[in-house]
Amino acid sequence: MIAALLSCSFDPTVLLYAAGRTEVRWPKAVEILQGGLTEIRISGAALAEVEGHLGQTSVYFRQSGASSFTGLIGADIEAKPGLSKLLLLATTRSGTLYERKVPVHVKATAFRTESFSVPPSFDQVSPETAEEISREQADFARAFASSSAERFWEAPFVRPVPQEASASSFGMRRIINGSPRAPHSGTDLSAPFGTEVLASNYGRVVLVGNYFFAGGSVVLDHGGGLFTMYFHLSEFRVEQGSLVKRGDIIALSGASGRVTGPHLHWGARLSGARINPLELLKIVS
C-alpha cells in the first residue's frame, strides 16, 4: 500500500502577539502514515526564519512565499505508530522568538507480506561476500551521514523512468524460513534494460558504486536531509561529487546486484526516515 501524502490541519485562529502585532499561523496537528511524507507550513508577515525539531531530528524550513515557510517531515517505514511532538521555532525580523509544540500522529500502514521457505544454503554467504556486504553498508552509511544545509531541490519532482511501479513493492516484507526480513525500502519501477534514468530533482551526487545487493548505485543529496537512491544500474552517467539538475540523465537501468530481472529500485530518505519516493511526486512547494 502506497502511503498517501496527508495535509496538516491548521488552527483556524491566527495567533496575535501584541509586541509588534506579529501574526503567526501554526499547524494544529499532523497525521502521517508509516513511510509517508507531509509538508508543514508556517506563515506570518514578519517572519524571518523558522526551524523545527522532531525528537533529535532537525526539520529544515525554507521560505516559500513573502510570508510563509515550508518544511518536510517523513515517517520511517518502521516508525512506531503513536504520538510525538514537533517543536517549531519562529523568529521575526525584529528578533522575537516564538515557539509551538505540534502533535504528530504516526499511523500504521498495511504493507504487503509474503512468506516462503528456501534451502538453508540460500542464506549462506562466503567470507568474501560478507566482506563485500560490509563495504556496501559502510559506503551507504557514509553517504547518508550528512546532508547539505542548503536545499537544492525545487518542486516538482519527476519520475526517474516513465514506467509505473510494481504493485505493493514499497514496504513489502518477506518472511523466509520463518524469519522476518527487512521491509523493501524503495519502489520498483519496471524499466527495461538500458532505460535512461533521470535525476528526480536538483542535487549533489554523493555515491556512485557497484554493490552486492544494490548493484550499480547512485545516491543524490537534495539538501535539507533529503536523499534519493537509484539501484541495479547497468551504466553510470555521472561522477561522485558532481551537481545534477532535475531531469539530467544519471545512469541506465539494468539488473545488477541481487535481483531476478531488469528494473529500477528508486528509494528516498528524509532525515534518516525511509519514505516512499512516490510521495515526492506530490510535493507542490
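From a predicted model like this one, the values you see are computed outputs, not experimental measurements. (Residues numbered from 1 in each chain as written. Predicted model: local features only at pLDDT ≥ 70, side-chain atom pairs only at ≥ 80, totals over all residues. Heavy atoms only, no water.)

(A) Up close: the overall build of the chain. A tally of regular secondary structure across the chain gives 1 helix and 23 strands. For 285 residues, the compact-globule formula gives about 19 Å, and the C-alpha radius of gyration of the chain, at 21 Å, lands near that figure. Out of the 285 residues belonging to the chain, those deemed buried represent 44%. Taking as baseline every contact in the chain between residues at least 6 positions apart, the subset at least 24 positions apart corresponds to 68%. Of the accessible surface of the chain, which amounts to about 13600 Å², a share of 52% is contributed by carbon and sulfur atoms. The averaged location of the 26 negative side-chain charges in the chain is 7 Å from the averaged location of its 27 positive side-chain charges. (Helix = DSSP H or I, 4+ residues; strand = E, 2+ residues; numbered from the N terminus. Rg over C-alpha atoms; globule rule 2.2 N^0.38 Å. Buried < 20%, exposed > 50% of the residue type's maximum accessible area, 1.4 Å probe, protein only. Contact = heavy atoms within 4.5 Å. Areas by Shrake-Rupley, 256 points an atom, 1.4 Å probe, with all protein chains shown as cover. Lys, Arg positive; Asp, Glu negative; His and termini not counted. Charge placed at Lys NZ, Arg CZ, Asp CG, Glu CD.)

(B) Geometry of the packing of aromatic side chains. One pass over the structure, following the stated rule, counts 7 aromatic pairs. Where F140 meets Y211, the ring centres are 5.2 Å apart and the plane angle is 55 degrees; that geometry is what we call tilted. Of the two residues, F140 is situated in helix α1 (residues 127-144) and Y211 in strand β17 (residues 203-211); the sequence distance between them amounts to 71 residues. As far as the burial class goes, F140 and Y211 line up, both buried. For the ring pair F212 and F213, a centre distance of 4.9 Å and an interplane angle of 80 degrees mean the geometry is edge-to-face. Classification of F213 by relative accessible area gives partly exposed; the value is 34%. Through a chain of ring-to-ring contacts, three or more aromatic side chains come together here, namely F140, F144, Y211, F227 and F231. (Phe/Tyr/Trp six-rings, centres within 6.5 Å; stacked < 30°, edge-to-face > 60°.)

(C) Up close: the confidence of the model for the chain. Of all residues in the chain, 91% attain a pLDDT of 70 or more, and the chain-wide mean is 89. Overall, residues 1-21 carries pLDDT values under 50, and its contacts beyond four positions in sequence, including any with other chains, amount to 62 contacts. (pLDDT = per-residue confidence, 0-100.)

(D) Fine view of the environment of D76. Relative to the helices and strands, D76 is located in the loop between β9 (68-74) and β10 (82-92). Separated by 40 residues in the primary sequence, D76 and G36 place their C-alpha atoms 7.5 Å from one another. The residues contacting D76, other than those within four sequence positions of it, are Q34, G35, G272, A273 and R274. Separated by 2.8 Å, the side chain of D76 and the backbone nitrogen of R274 make a polar contact. (Polar contact = N/O pair within 3.5 Å; in protein donor to acceptor, adjacent residues only side chain to side chain.)

(E) Expanded view of the side chain of E136. In this structure, E136 sits in helix α1. Among buried Asp, Glu, Lys and Arg side chains, E136 stands out as unpaired, with R135 the closest opposite charge at 6.9 Å. Among the polar contacts made by the side chain of E136, one reaches the main-chain amide nitrogen of F212 at a distance of 3.2 Å. Residues in contact with E136, not counting those within four places in the same chain, are Y211, F212, F213 and A214. (Salt bridge = Lys/Arg side-chain N within 4 Å of Asp/Glu carboxyl O.)

(F) Here's a closer look at the sheet that holds strand β12 (residues 113-116). Strand order in the open sheet formed by 3 strands is β12-β13-β14, and the pairing between neighbours is mixed. Where the open sheet ends on each side, the last strands, each with one partner, are β12 and β14 (179-180). Relative to β14, strand β13 (residues 173-176) runs antiparallel, the two sharing 2 bridges. The residue of β14 that forms the bridge with I176 is S179. (Pairing = 2+ DSSP bridges.)

(G) The arrangement of the nonpolar core in detail. By size, the foremost hydrophobic cluster in this structure holds 21 residues, and its most contacted members are I42 and F61. Counting only elements with at least two residues in this core, the list comes to β4 (27-33), β5 (37-43), β6 (47-54), β9, β10 and β11 (97-107). The element best represented in this core is β11, accounting for 4 residues. Aside from chain neighbours lying at most four places away, what touches I42 is V24, R25, W26, P27, L47, V50, F61, S67, S68, F69 and L88. (Core = buried A, V, L, I, M, F, W, Y, C linked by side-chain atoms within 4.5 Å.)

(H) The arrangement of unusual backbone geometry in detail. Going from A155 to P156, the amide bond is cis rather than trans, its omega being 5 degrees. Summarising the element assignment, P156 is placed in the loop between α1 and β13. Its identity as a non-glycine residue notwithstanding, N177 has a phi of 55 degrees, on the positive side. Here N177 lies in the loop between β13 and β14. The class for N177 is partly exposed, based on a relative accessible area of 40%. The backbone phi angle of S271 is positive, close to 50 degrees, even though this residue is not glycine. Here S271 is to be found in the loop between β22 (264-270) and β23 (273-275).

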